[in-house]
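Commentary on secondary and tertiary structure
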Number of protein chains: 2
Amino acid sequence: MCPTETSNGTNGVANEADRVEIPVASAPRQNRSNPYQPVGDYLSNVGRFKIIESTLREGEQFANAYFDLPMKIKIAKALDAFGVDYIELTSPAASEQSRADCEAICKLGLKAKILTHVRCDMRDAKIAVETGVDGLDVVIGTSHFLREHSHGKDMAYITKTAIEVIEYVKSKGLEVRFSSEDSFRSDLVDLLSLYSAVDKVGVNRVGIADTVGCASPRQVYDLVRTLRGVVSCDIETHFHNDTGCSIANAYCALEAGATHIDTSVLGIGERNGITPLGGLMARMVVGEPEYVKSKYKLHMIKEIEDLVAEAVEVNTPFNNPITGFCAFTHKAGIHAKAILNNPSTYEILNPSDFGLTRYVHFASRLTGWNAVKTRVAQLGLTMTDEQVKEVTAKIKTLADIRPIAIDDADSIIRSYHFNLQEQVPAAGEPVPQVVA
Amino acid sequence: MCPTETSNGTNGVANEADRVEIPVASAPRQNRSNPYQPVGDYLSNVGRFKIIESTLREGEQFANAYFDLPMKIKIAKALDAFGVDYIELTSPAASEQSRADCEAICKLGLKAKILTHVRCDMRDAKIAVETGVDGLDVVIGTSHFLREHSHGKDMAYITKTAIEVIEYVKSKGLEVRFSSEDSFRSDLVDLLSLYSAVDKVGVNRVGIADTVGCASPRQVYDLVRTLRGVVSCDIETHFHNDTGCSIANAYCALEAGATHIDTSVLGIGERNGITPLGGLMARMVVGEPEYVKSKYKLHMIKEIEDLVAEAVEVNTPFNNPITGFCAFTHKAGIHAKAILNNPSTYEILNPSDFGLTRYVHFASRLTGWNAVKTRVAQLGLTMTDEQVKEVTAKIKTLADIRPIAIDDADSIIRSYHFNLQEQVPAAGEPVPQVVA
């Protein structure tokens, strides 16, 4: 499905050296049925998912992250305004300041529920329930890797402890999630037995975590769908991005019946991180535009990413979904031509949904004459199509020799147009010497 | 499945301000069966895929790209040395220089086959076959968006022209692929009819392209699997990354029987680009380590990415798979502890496969005492576990107040150790005033 909104063409010349905003026809986007849209599926929660935003927990595990309390509050308030359902915080057992920060954020009175993420251990749980959080996300490793090399506990011990911790947290009136760690390298029978046991004692959510980033989309679908048949509680999922599948895996989890997705801003977390909040929004708004746009303030994505990027001293990746500098830039001639006719031709995302604009590149060797024609009109000049094709050839000739800026292209167009007015024969004239 | 190689621990202190390489136990990685590894599937080409590397075609459509011939040759040679199967170049019909560059690259005598990407048009095909390429990648838009707003042709015209072009290219003894554009918004019956027709006239490959980046992994699987039953030729796939699924979609396409994946270095291309070569390697080496490591020079990924990043003036994204600066950095206490016991606990990729090393962060409020214990040994000091726990608490106390560098943590450790030697009671002493 593609967005059905009318695209907002924008006017005016941008300051960028080599590209320009071009006004586009405001034709209504078409909404014909897509033969590959999955047919209705009662398992799918693609149109009713919730976000557990973990920039202040998983994100704090990012190599460059150091959030002091004022920054944590700023991030928490921005995420709350954006509309996330939950905000997850570092365990108060990690350090004294982590505990104090957790208490302070609980007192902000945000709409989002506040969770903290703790080891499956009664001592940690007891510290956490005193902080004022709405719930605890409890976790323990279940793969043989983690059972042997991390905590050293067997499945019987894990199950017993999990039930104790869950019953304790529930006795305090708080929400509780129980998650395995490294779920995709855990034994399936062990996992299902454990989840079934915690479901029976009334856990609110079970969690599946691809802790090492090894899961592929169809593995995720299969595991979540199997689990959906075993437990009646909600299913939360957490995907690392080591092999570049964290957004796709989240989507497939929702298709299979997961209810909650863990995200962080720009995906920051251990190693190269987890499902990014902005990237997930790009994925979800394509599938379920009404739900996503009514629930989340998509135009805030850029400011939230800028806030976190500055706090952890990274640049937004050039190829980031939505906010990468080139996410809405069109360059090849056939792309530019079609975009100028109807943006839906080469855009599945509408930049105006995110408070952003598109650019059509018309100063390169790949330029087509349709983009130049639009630029000619934007400069207030009049030419026939044949004349536009001729001046396009001149632009491409120069672009073959060196990178050219918008000013170069404009100079060629103006010079060509001036010569037309002077009645000088246009054919065969030398390319004007313009400099960037 | 996880890599089976022995991990190469590295020694020595890195120059980074706040992290350090830590030698790790060289325990052989375990290779127990993973319950979520898909069972044998005769459709899957995950263990025998080929790469069509399109940095010099799709990548040239990236907003910042301007490759002169010397740079194109450098990139082509690097990709050839890496082991890609095909190198795809911009259409020689795009500009005179594009044609000359194409001819020059064909004369390099690379192992990789050279392709050029042309519109489904006899004029373009005639220019292309004269350049010396091994094959043509022919493309035309088939969605209603592109048929109405781009070329304006109907399916009967498309089929007729496709057959003409394919027969012409084959008559010249060259390889030919026919691809639809915007396949995931095209009518399924139209698509299958078209592919079936070109398969019958002996096309070498058909291509599926997610031109706008709207496809989700299970849609990809379904379409490729359906197509696999319709044509007998190879199947190439091309995935844009607008919604963050380009790597996952490529993987699912291979699972469904696709044979070729289009990539570009760092994923550069129109808008935010396509399946990145490095990211695809991260995904594939997890599933099929033997095939991937025997065929591709994985240790070249970083230098190829650096070459292209410099050429197009972007930074490698901080969270890039494999080469992002933090891809092998471990920070949280429980992660660091387990990694020190066995890297497979929190790593699905082995950094030494890519000529890289891992880092374990031990100077933060999330630090665990196991990481500090390793650091103590690395500094040549001796402490009991109780003493290490005590000095860890001191490090965390300072890290709660401000970001600390490795020097800070080392100063605390050395100061603590010095006091132990002096027989000064260790408990209750003030945190030393260290500065970064």
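It should be emphasised that the depicted structure is a prediction, and the values quoted were computed from it without experimental measurement.

**Notes on the environment of B:I268**
Note on placement: B:I268 falls in the loop between β8 (260-263) and α9 (277-287). In the structure, B:I268 is positioned 139 residues away from B:V129 in sequence and 26 Å away in space, judged by C-alpha atoms. Ignoring sequence-local partners within four residues, the contact set of B:I268 consists of A:F318, B:T55, B:E58, B:G59, B:F62, B:F67, B:G273, B:I274, B:V308 and B:V312.

**Digging into helix α9 (residues 277-287) of chain A**
Residues and elements named next belong to chain A. Buried residues dominate α9, accounting for 11 of its 11 residues. For α9, the complete set of buried residues consists of L277, G278, G279, L280, M281, A282, R283, M284, V285, V286 and G287. Those residues of α9 that are buried are in contact with β1 (50-53), α1 (69-82), α8 (246-255), β8 (260-263), α10 (289-295) and α11 (301-311).

**Here's the deal with the domain arrangement of chain A**
Residues and elements named next belong to chain A. Looking at the assigned domains, one finds that chain A contains domain 1 (50-312) and domain 2 (329-421). The gap between the C-alpha centroids of domain 1 and domain 2 is 46 Å. Taken residue by residue, the interface counts 8 residues in domain 1 and 6 residues in domain 2. Note on domain 1 versus domain 2: buried area summed over both sides is about 560 Å², and carbon and sulfur give 77% of it.

**Some thoughts on the environment of A:I87**
Residues and elements named next belong to chain A. Structurally, the position occupied by I87 is in strand β2 (residues 86-89). According to the relative accessible area criterion, I87 is buried, its value standing at 0%. Along the sequence, I87 and T116 sit 29 residues apart, while their C-alpha atoms lie 8.3 Å from each other. If sequence neighbours within four positions are ignored, I87 has contacts with E53, L56, A76, L79, D80, L110, A112, K113, I114 and L115.

**Considerations on the confidence of the model for chain A**
All names here are of chain A. Per-residue pLDDT for chain A averages 86, and the proportion of residues at 70 or more is 87%. Residue range residues 1-36 is modelled with pLDDT below 50. Its contacts to residues more than four positions away, or to other chains, number 110 contacts. Under the prediction, the complex receives an ipTM of 0.83, its pTM being 0.83.

**Remarks on the relation of the copies chain B and chain A**
Once chain B has been moved 0.0 Å along the axis and rotated by 180 degrees, it coincides with chain A to within an RMSD of 0.0 Å. The transformation relating the two chain copies, once decomposed into turn and shift, fits a two-fold axis. Among all C-alpha atoms of chain B, that of B:P317 lies closest to the rotation axis, at 2.3 Å.

**Remarks on the interface of chain B and chain A**
If you look at the interface, chain B gives 105 residues, while chain A gives 105 residues. The tally of links between chain B and chain A comes to 2 salt bridges. On the surface where chain B and chain A come into contact, there are 32 residue pairs in polar contact (both at pLDDT 80 or more). The element best represented in the side of chain B that touches chain A is helix α4 (residues 144-151) of chain B, accounting for 6 residues. Of the residues that constitute the side of chain B that touches chain A, the class distribution is 47 nonpolar, 33 polar and 25 charged.

**Details of α1(A)**
Residue and element names in this part refer to chain A. Over its 14 residues, α1 runs 20 Å from end to end, which matches the ideal 20 Å to within 8%, given 1.5 Å per residue. Turning to α1, its buried residues number three or more, namely M71, K72, I75, A76, A78, L79, D80 and F82. Packed against the buried residues of α1 are β1, β2, α2 (96-106), α9, α10 and α11. At the C-terminal side of α1, G83 shows a positive phi close to 115 degrees.

**Quick look at unusual backbone geometry**
Of note, A:L266 is a non-glycine position whose phi angle comes to about 60 degrees, a positive value. The residue A:L266 is located in the loop between β8 and α9 in this model.

**Regarding empty space enclosed by the protein**
Any space left empty among the atoms is revealed by the rolling of a water-sized probe across them. For the structure on display, the rule yields 10 cavities of 30 Å³ or more. Considering only enclosed or pocket space, the largest cavity measures out at about 370 Å³ in volume. Elements supplying a minimum of two residues to the lining of the largest cavity: α8 of chain A together with α8 (246-255) of chain B. Taken together, the residues that form the lining of the largest cavity break down as 11 nonpolar, 12 polar and no charged.

**Here we look at the pairing of strand β4 (residues 135-141) of chain B**
Residues and elements named next belong to chain B. Extensive coverage of β4 is indicated by the burial of 7 of its 7 residues. As defined by bridge partners, strand β3 (residues 113-119) adjoins β4 across 5 bridges and the pair is classed as parallel. Among the inter-strand pairings, L115 is bridged to a residue of β4, identified as G135. Crossover β3 to β4 through helix α3 (residues 122-129) is right-handed. In this structure, β4 lies alongside strand β5 (residues 175-181), joined through 7 bridges in parallel fashion. Paired with D137 across the two strands is R177, which belongs to β5.

**Digging into the sheet that holds β2(A)**
Residue and element names in this part refer to chain A. Strands sit in the order β1-β2-β3-β4-β5-β6-β7-β8 around a closed barrel of 8 strands; the barrel is parallel. Strand after strand, the sheet turns through a mean of 25 degrees between neighbouring axes, direction not considered. Relative to β8, strand β7 (residues 234-239) is paired through 2 bridges, and the arrangement is parallel. Bridge pairing in β8 links T237 to I261. The strands touched by helix α6 (residues 188-200) within the sheet are β5 (175-181) and β6 (205-210), with β5 carrying the most contacts at an inclination of about 170 degrees.

**With respect to the packing of helix α6 (residues 188-200) of chain B against helix α7 (residues 217-228) of chain B**
Residue and element names in this part refer to chain B. Where α6 contacts α7, the two axes come as close as 11 Å, and the packing angle between them is 40 degrees. Between α6 and α7, the angle is such that the two are oblique. In this structure, α6 crosses over α7, and the sense of that crossing is right-handed. For the pair α6 and α7, the contacting residues are L188, L191, L192 and Y195 in the first and L223, T226 and L227 in the second. Across the contact of α6 with α7, the residue classes tally to 6 nonpolar, 1 polar and no charged.

**Section: the pattern of salt bridges**
Applying the stated criterion across every chain, the model contains 52 salt bridges over all chains. The salt bridge partner of A:D182 is A:R185, with a shortest N-O separation of 2.9 Å. A salt bridge links B:E58 to B:R57, with the nearest nitrogen and oxygen atoms 3.5 Å apart. Residue classification places B:E58 among the buried positions, given a relative accessible area of 2%.

Criteria and thresholds
- Residues numbered from 1 in each chain as written.
- Chains lettered and ligands numbered in written order.
- Predicted model: local features only at pLDDT ≥ 70, side-chain atom pairs only at ≥ 80, totals over all residues.
- Heavy atoms only, no water.
- Helix = DSSP H or I, 4+ residues; strand = E, 2+ residues; numbered from the N terminus.
- Contact = heavy atoms within 4.5 Å.
- Buried < 20%, exposed > 50% of the residue type's maximum accessible area, 1.4 Å probe, protein only.
- Domains from an automatic or database assignment.
- Buried area = accessible area lost by both parts, 1.4 Å probe.
- pLDDT = per-residue confidence, 0-100.
- Least-squares fit on C-alpha atoms with pLDDT ≥ 70 in both.
- Salt bridge = Lys/Arg side-chain N within 4 Å of Asp/Glu carboxyl O.
- Polar contact = N/O pair within 3.5 Å; in protein donor to acceptor, adjacent residues only side chain to side chain.
- Nonpolar A, V, L, I, M, F, W, Y, C, P; charged D, E, K, R; others polar.
- Expected span 1.5 Å × (residues − 1).
- 1 Å grid on protein atoms, 1.4 Å probe; cavity = no way out; pocket = protein on both sides within 12 Å on 5 of 7 lines; lining within 4 Å.
- Points joined across faces, edges and corners; volume = space filled by probe spheres on them.
- Pairing = 2+ DSSP bridges.
- Right-handed = clockwise from strand over helix to strand, strands pointing away.
- Axes fitted to C-alpha atoms, helices over the stretch in contact; angles between N-to-C directions.
- Parallel < 35°, antiparallel > 145°, perpendicular 65-115°, else oblique.
- Left-handed = near helix turned anticlockwise from the far one by under 90°.

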